[in-house]
Amino acid sequence: MKIATYNVNGIGGRLPVLLRWLALAKPDILCLQELKAPQEKFPENAIRDAGYDVIWHGESRWNGVAILSRVGDIHETRRGLPGDPADEQSRYIEAAVGGILIACIYLPNGNPWPGQKFEYKLKWMARLDAHLKALFDLEAPVIVCGDYNVIPADLDVYKPENWTKDALFAPEARAAYQGYLDQGWTDAIRTLHPGARIYSFWAYWRRSFERGAGIRIDHLLLNTAARKRLSAAGVDTRPRGWERSSDHAPAWIELADRPVRGRKARP
DNA sequence: ATGTCAGGAATTTCCTGA
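About the thresholds
- Counting from 1, residues in each chain are numbered in the order their sequence is written.
- Chain letters and ligand numbers both follow the written order, the letters beginning at A and the numbers at 1.
- Residues qualify for local features only when their pLDDT is at least 70, as the model is predicted, and side-chain atom pairs are given and counted only at 80 or more; totals for whole chains, interfaces and linings, by contrast, use all residues.
- With hydrogens and water excluded, all non-hydrogen atoms of the structure serve as input to the side-chain values.
- UniProt positions are given in the numbering used here, feature names are shortened, and annotations may be inferred rather than shown by experiment.
- Two strands are counted as paired when DSSP detects at least two bridges linking them.
- Helical segments are the DSSP runs of H or I of at least four residues, strand segments are the runs of E of at least two, and each set is numbered from the N terminus.
- Burial status follows relative accessibility: with a 1.4 Å probe on protein chains alone, a residue under 20% of its type maximum counts as buried, one over 50% as exposed, and anything between as partly exposed.
- Every crossover in which the path from the first strand over the helix to the second runs clockwise, viewed with the strands pointing away from the viewer, is termed right-handed.
- By this rule the span expected of a helix is its residue count minus one, scaled by 1.5 Å.
- The arc in question is the one spanned by the directions pointing from the helix axis to the C-beta atoms.
- Polar contact is the term for a pair of N or O atoms within 3.5 Å; when the atoms are in protein, one must be able to donate a hydrogen and the other to accept it, and sequence-neighboring residues count only if both atoms are side-chain atoms.
- Throughout this document, a residue counts as near a molecule or strand when at least one of its heavy atoms sits within 4 Å of that molecule or strand.
- Grid spacing is 1 Å over the protein atoms alone, the probe is 1.4 Å, and a cavity is where that probe fits but cannot get out, while a pocket is an open set with protein on both sides within 12 Å along at least five of seven lines and lining residues have an atom within 4 Å of a point.
- Grid points are joined across faces, edges and corners, and a volume is the space filled by probe spheres set on the points.
- Here, a salt bridge means any side-chain nitrogen of Lys or Arg that lies within 4 Å of a carboxyl oxygen of Asp or Glu.

- Chain A carries the name Exodeoxyribonuclease-3 in an unreviewed UniProt entry, which gives Sphingopyxis flava as its organism.
- According to the UniProt record, the Sequence similarities (unreviewed entry) comment for chain A reads "Belongs to the DNA repair enzymes AP/ExoA family."

1. Quick word on the sheet that holds strand E8 (residues 142-147)
Part 1 of the argument: Taken in spatial order, the six strands line up as E5-E6-E7-E8-E10-E9 in an open sheet, and their pairing is mixed. On the outer flanks of this sheet lie strand E5 (75-79) and strand E9 (186-187), each paired with one strand and no other.
Part 2 of the argument: Relative to strand E7 (residues 100-106), strand E6 (residues 92-97) runs antiparallel, the two sharing six bridges. Bridge pairing links Ala 95 to Ile 102 in E7.

2. Description of unusual backbone geometry
Part 1 of the argument: Here the residue pair Asn 111 and Pro 112 is connected by a cis peptide bond, since its omega of 0 degrees sits within 30 degrees of zero.
Part 2 of the argument: With respect to the helices, strands and loops of the structure, Pro 112 is situated in the loop between E7 and helix H3 (116-136).
Part 3 of the argument: A cis amide bond, omega -5 degrees, links Trp 113 with the succeeding residue Pro 114.
Part 4 of the argument: A positive phi angle is found at Arg 207, which is not glycine, with a value near 50 degrees.
Part 5 of the argument: You can see Arg 207 is positioned in the loop between helix H5 (188-192) and helix H6 (208-211).
Part 6 of the argument: What makes Arg 207 exposed here is its relative accessible area of 55%.

3. Describing the pairing of E7
Part 1 of the argument: Burial within E7 is extensive, with seven of its seven residues counted as buried.
Part 2 of the argument: Neither face of E7 is left uncovered, since the one carrying Ile 100, Ile 102, Cys 104 and Tyr 106 and the one carrying Leu 101, Ala 103 and Ile 105 both have all their residues buried.
Part 3 of the argument: The antiparallel pairing of E6 with E7 creates a hairpin that spans two residues between the two strands, and Gly 98 there sits at a positive phi of about 60 degrees.
Part 4 of the argument: The sheet contact formed by E7 and E8 spans six bridges and is parallel. Note on E8: the bridge partner recorded for Tyr 106 is Asp 147.
Part 5 of the argument: In this view, the connection linking E7 to its parallel neighbour E8 by way of H3 has right-handed handedness.

4. Topic: helix H4 (residues 171-183)
Part 1 of the argument: In a regular helix each residue adds 1.5 Å, so 13 residues correspond to 18 Å; H4 covers 18 Å between its end C-alpha atoms and thus fits that length.
Part 2 of the argument: Of all the residues in H4, the buried ones are Ala 173, Ala 176, Tyr 177, Gly 179, Tyr 180 and Gln 183. Looking straight down H4, one finds that the buried residues subtend no more than 145 degrees of arc, so they occupy a single side. Turned more than 90 degrees away from the buried face of H4 sit Pro 171 and Asp 182, all of them exposed.

5. A look at the UniProt feature "site: Interaction with DNA substrate" (unreviewed entry) in chain A
Part 1 of the argument: Here, UniProt's "site: Interaction with DNA substrate" (unreviewed entry) annotation points to His 248.
Part 2 of the argument: Structurally, the position occupied by His 248 is in the loop between strand E11 (230-235) and strand E12 (251-255).
Part 3 of the argument: In this structure the side chain of His 248 is engaged in a polar contact, spanning 2.8 Å, whose partner is the side chain of Asp 218.

6. Description of the protein's contact with DNA strand B
Part 1 of the argument: DNA strand B sits among 17 residues. The nearest are Arg 61, Trp 62, Asn 109, Trp 205 and Arg 206.
Part 2 of the argument: The contact atoms of DNA strand B, taken as those within 4 Å of the protein, divide so that sugar and phosphate hold 67%.
Part 3 of the argument: Here a phosphate oxygen of DNA strand B sits 3.5 Å away from a polar atom, N or O, in the main chain of Gly 12.
Part 4 of the argument: One nitrogen or oxygen atom from the side chain of Asn 109 is found 3.4 Å from a sugar or linking oxygen belonging to DNA strand B.
Part 5 of the argument: For the surface near DNA strand B, the element with the highest residue contribution is helix H1 (residues 11-25), accounting for three residues.

7. As for the layout of surface pockets
Any space left empty among the atoms is revealed by the rolling of a water-sized probe across them.
Part 1 of the argument: The computed volume of the largest pocket comes to approximately 970 Å³.
Part 2 of the argument: Taken together, 38 residues form the lining of the largest pocket, with Asn 109, Asn 111, Trp 163, Asp 166 and Phe 201 sitting closest to its centre.
Part 3 of the argument: Within the residue set of the lining of the largest pocket, elements represented by two or more residues are H3 and H6.

8. Here's the deal with the pattern of salt bridges
Part 1 of the argument: Evaluation of the coordinates by the stated rule reveals 11 salt bridges.
Part 2 of the argument: For Arg 127, the salt bridge identified is with Asp 87, shortest N-O distance 2.8 Å. Of this pair, Arg 127 sits in helix H3 while Asp 87 is found in the loop between E5 and E6, placing the two residues 40 residues apart along the sequence.
Part 3 of the argument: Note on Arg 127: relative accessible area 12%, which makes it buried.
Part 4 of the argument: Across the salt bridge formed by Asp 187 and Arg 216, the nearest N and O atoms sit 3.0 Å from each other. Taken together, the residues span a long stretch of sequence, with Asp 187 in strand E9 and Arg 216 in the loop between H6 and strand E10 (218-222) at a distance of 29 residues. As far as the burial class goes, Asp 187 and Arg 216 line up, both buried.
Part 5 of the argument: Here the salt bridges do not stand alone but share partners, grouping Asp 156, Asp 187, Arg 190 and Arg 216 into one network.

Given below as structure tokens:
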């Protein structure tokens, strides 16, 4: 089973690119972020015509998350991250589908740092930390994926010195992300490719993609049951080179039907 | 410091967020 996450940066203008990638890559489950569309403007019919069930949480202008599935109906389990009833930003949606619990997140960017937006990011990360603790021990495979807006390590950025003042590379944000791994969650791409330079975002300007000037901020975190079935992971850079592309590329994993021999937790 | 997008609001141009 192929599970992917893709920050589309606007579902409206990106629909042709998304449909093209769905036909090419055929993910079984796909999480989308940055819909940038109100609830009623999500292109539900086009997604269903492509063969996918879908749930989404829109928001006018900003944010917005969705889960697509072509392997059975989606049973929504949660909409909105717990911990702050006053938070109205559409950044979290969770569902049971195909025997998996999948959470789609669009973690706050946090720039400029320091500032109120960065404080919101850290609070959101703390709320996610608490929720992850509740999800980790489930017996079912759990995948928490999306745009984390966190560069975990120097290896995940083309030029670390250019990002030292950025909220995506801030020590507090990286520490919070490390806290998720310390809970036991597996960063699927990094675990299968320990020393590789793999990026999922390239800024639109200065020909970043052509120069390979990227960062890795789209992650798939797996609990123990999911990690045991992890057979492959990567980033599909192809759509980043298409016309009218998102500034992100889809990150994906493959889960085997049963546990993969030798797939142990990272030391 | 720069640079490029998307979408919404107001109209052809600016604003915010990223």
